[in-house]
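Results of the structural survey
What follows is each chain in one-letter form.
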Amino acid sequence: MSACFGKAERSLKDQCFRALCCKGPPPPRPEYDLVCIGLTGSGKTSLLSQLCSESAENIVSTTGFSIKAVPFQNAILNVKELGGADNIRKYWSRYYQGSQGVIFVLDSASSEDDLETARNELHSALQHPQLCTLPFLILANHQDKPAARSVQEIKKYFELEPLARGKRWILKPCSLDDMEAVKDSFSLLINLLEERDFEPSRM
Amino acid sequence: MTATNLCCRTEWSKPANAPCERSSPVVQTRPASSSGKCRGDDYLCKPEDNIYNIDFTRFKIRDLETGTVLFEIAKPSASEQDEEDEDDNSELDASAGRFVRYQFTPAFLRLRTVGATVEFTVGEKPVSNFRMIERHYFRDRLLKNFDFDFGFCIPSSRNTCEHIYEFPQLSEDLIRLMVENPYETRSDSFYFVDNKLIMHNKADYAYNGGQ
């Protein structure tokens with residue numbers, strides 16, 4: 001039993017509680033509803049699959065929504081990932097209601113045109129009435145590609161300092177081959193979501 | 001557990017090899033036409049009520065404690081289906097598309113948390129307020145009620161939803177009864193668009209597989 005409690009692994013602790021302590025299950029983790037957007041090919045589905053310990057092989061373009069419950073040690077994120085193709089983006093705002101946070105994924109190595117499109121979409125989201133008060137996690141993905149722009153370049157190009165002033169956002173580089181860094185970025189987002197829990201509610 | 005409606009000609013992948021003995025269910029499904037059981041009079045709506053052409057195309061269960069895929073079943077692609085339909089259309093009965101029979105091993109009932117993924121396509125009309133209510137029973141006893149709001153569905157889209165499903169607490173007696181009485185565990189899945197019932201699917205379950 002002491003071996004169980006010595007471990008940080010929460011699920012193992014849960015099993016020990018259930019099996020040995022008979023004290024009932026530990027309090028459930030808080031859940032947050034998030035929306036995940038970004039252009040097609042930015043890597044949304046792959047990142048979320050790998051966060052759920054699923055293989056990112058055989059992934060096809062999302063042509064609608066993909067809802068996943070992504071478990072973390074201290075929270076469960078119910079993520080509604082939306083396809084990013086041209087004909088699907090116009091429906092994104094249909095899914096904003098009820099969101100508590102936003103994950104925006106971009107391809108750091110994309111063409112200039114695509115980067116401009118991504119910038120426009122991010123700005124629209126930042127200003128959308130249903131999203132403008134929410135925390136944003138912006139992931140500059142595909143950092144493993146040679147053509148990937150740095151986080152500094154992206155921050156400047158996306159004009160985040162002026163445009164996202166007063167809002168809570170995190171910009172992080174990432175790639176599929178470093179999932180630990182991705183998890184750390186999500187932990188930062190969870191911190192922002194938790195802060196929100198303590199704010200007085202406003203109309 | 002989320003049951004989903006799959007047509008007679010569903011293919012399935014080989015049962016996943018689960019390293020943990022506790023969760024290594026074997027699943028077989030049999031198409032409704034060979035089940036010998038016609039439940040056509042039990043449905044609360046007709047197949048034609050599915051005016052949005054919602055089609056369930058994949059169903060997967062993962063054990064969240066190990067990450068192992070326990071069960072996965074997918075519909076054949078549209079082109080494969082068309083070829084077969086030409087030959088065998090006459091054998092489909094009215095309930096064929098709405099009923100699935102599952103057989104699991106007893107180990108399945110010992111699972112605690114699974115991720116149940118459902119994939120479905122939507123026809124050309126946009127769907128607002130798509131909602132699923134699913135009930136699982138053993139004989140007359142309600143085991144679990146499950147209510148999920150998909151919300152809006154984009155026209156001509158393919159959508160997936162994975163829900164973390166916690167098994168209801170089952171007593172040893174109940175587990176034994178469920179294993180000893182195959183197909184007396186049943187489920188009804190009701191699908192609504194704007195609160196109007198457009199689909200009703202059924203499934204039944206055995207837990208005596210591999211014995």
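Residues numbered from 1 in each chain as written. Chains lettered and ligands numbered in written order. Predicted model: local features only at pLDDT ≥ 70, side-chain atom pairs only at ≥ 80, totals over all residues. Heavy atoms only, no water.

Examining the packing of aromatic side chains
Considering all chains together, one arrives at 26 aromatic pairs over all chains under this definition. For the ring pair A:Phe65 and B:Phe150, a centre distance of 6.4 Å and an interplane angle of 20 degrees mean the geometry is stacked. With A:Phe65 in strand E2 (residues 65-72) and B:Phe150 in strand E8 (residues 141-153), this pair bridges two chains. Taking relative accessible area as the criterion, B:Phe150 reaches 2% and is therefore assigned buried. Look at B:Phe108 and B:Phe167: their rings are 5.6 Å apart centre to centre, the planes differ by 65 degrees, and that puts the pair in the edge-to-face class. (Phe/Tyr/Trp six-rings, centres within 6.5 Å; stacked < 30°, edge-to-face > 60°. Helix = DSSP H or I, 4+ residues; strand = E, 2+ residues; numbered from the N terminus. Buried < 20%, exposed > 50% of the residue type's maximum accessible area, 1.4 Å probe, protein only.)

A closer look at the UniProt feature "binding site: Mg(2+)" (unreviewed entry) in chain A
Residue and element names in this part refer to chain A. Following the UniProt record, one finds the feature "binding site: Mg(2+)" (unreviewed entry) at Thr45 and Thr62. A compact arrangement is adopted by the annotated residues: their sequence extent is 18 residues, whereas the largest C-alpha distance between any two is 7.4 Å. Tracing the backbone shows threonine 45 in helix H3 (residues 44-51). Among the residues examined, threonine 45 registers a relative accessible area of 19% and is labelled buried. Those residues in contact with threonine 45 that lie beyond four places of it in its chain are Ile59, Thr62 and Glu81. Among the structural elements, threonine 62 can be located in the loop between H3 and E2. Among the residues examined, threonine 62 registers a relative accessible area of 16% and is labelled buried. Contacts of threonine 62, omitting those with residues within four sequence positions, involve Thr45, Glu81, Gly83 and Ile88. (UniProt positions renumbered as here; feature names shortened; annotations may be inferred. Contact = heavy atoms within 4.5 Å.)

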